[in-house]
Amino acid sequence: MNERPDPFSPDVLKADPFLHLAGRLVPGGHVLPVRVYYEDTDFSGIVYHANYLKFMERARSDHLRLIGVVQGELFGQALAEAPGFAFVVRSMELQFVRPARIDDVLEIHTSPVEVAGASITLQQKVMRGGELLVEGKVKVAFVAQGRARRIPDALRAAMKAALDQAPAS
C-alpha cells in the first residue's frame, strides 16, 4: 500500500490552512459535507437538479486533494505527457431519489470503482443523514488532441491506492 501524508499533519496544514474544508477520507473513499443555501434551490425551495452535479464535482476535486493529488502539479505533468490534454466527463448516470431543501446538510460520498487505461469510474452518493437522495456513477476520461490517452502516472497511482482501500462490493 502506498504511504500518503496525513492531510491534517502540521506540515500539510501549513501549506494549506483550509484543507479541513475538503471533507475527510473514509475507508474506500471520501466524504464532503455541503450545506444547501438559497442559491442552490429553485423557486419551490428544493435543490435544483443541476446543482447536485456541482456538489459531486467539488467532492471529486476534494477527494483528489486529500489523496495527495495536487491538481496544479497534475496539470503540469499532464501537459508534459500529452500537450492539449483535457479531463472530460465521458459518461454519467444519475438517479434522483429524494429532494434536498434549503439548510439541509448533505454528505457527498465518493468511491473509486475502476481505474482503467484512459478513464476512472467513480460512484457518488448524496446523502442526508442515512437517507439516499441522489446516486451517480461518473466516468472521467483523459484526452489529448481529440483522442483518449493514458492517465498520468501520479493520478493513476493515487486512484489505484484509493481503489485498493475500497471495501469489496
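Residues numbered from 1 in each chain as written. Predicted model: local features only at pLDDT ≥ 70, side-chain atom pairs only at ≥ 80, totals over all residues. Heavy atoms only, no water.

As recorded in an unreviewed UniProt entry, the protein goes by the name Tol-pal system-associated acyl-CoA thioesterase, listed as coming from Ancylobacter radicis. The UniProt entry for the protein carries the following text under Sequence similarities (unreviewed entry): "Belongs to the 4-hydroxybenzoyl-CoA thioesterase family." (UniProt positions renumbered as here; feature names shortened; annotations may be inferred.)

Turning next to the overall build of the protein. Looking only at helices and strands, the protein has four helices and seven strands in total. Scanning the protein from its N terminus toward the C terminus, one meets helices and strands in the order α-β-β-α-α-β-β-β-β-β-α. Long-range pairs, those at least 24 residues apart, make up 66% of the contacts in the protein with a sequence separation of at least 6. (Helix = DSSP H or I, 4+ residues; strand = E, 2+ residues; numbered from the N terminus. Contact = heavy atoms within 4.5 Å.)

A grouping of L53, V89 and M92 is seen on the molecular surface, where their side chains present a nonpolar patch of about 210 Å² in accessible area. Relative to the assigned elements, V89 resides in strand β3 (residues 85–96). Its relative accessible area of 46% is what places V89 among the partly exposed residues. (Patch = residues over 30% accessible without salt bridge, like charges linked within 9 Å, V, L, I, M, F, W, Y side chains within 5 Å. Areas by Shrake-Rupley, 256 points an atom, 1.4 Å probe, with all protein chains shown as cover. Salt bridge = Lys/Arg side-chain N within 4 Å of Asp/Glu carboxyl O. Buried < 20%, exposed > 50% of the residue type's maximum accessible area, 1.4 Å probe, protein only.)

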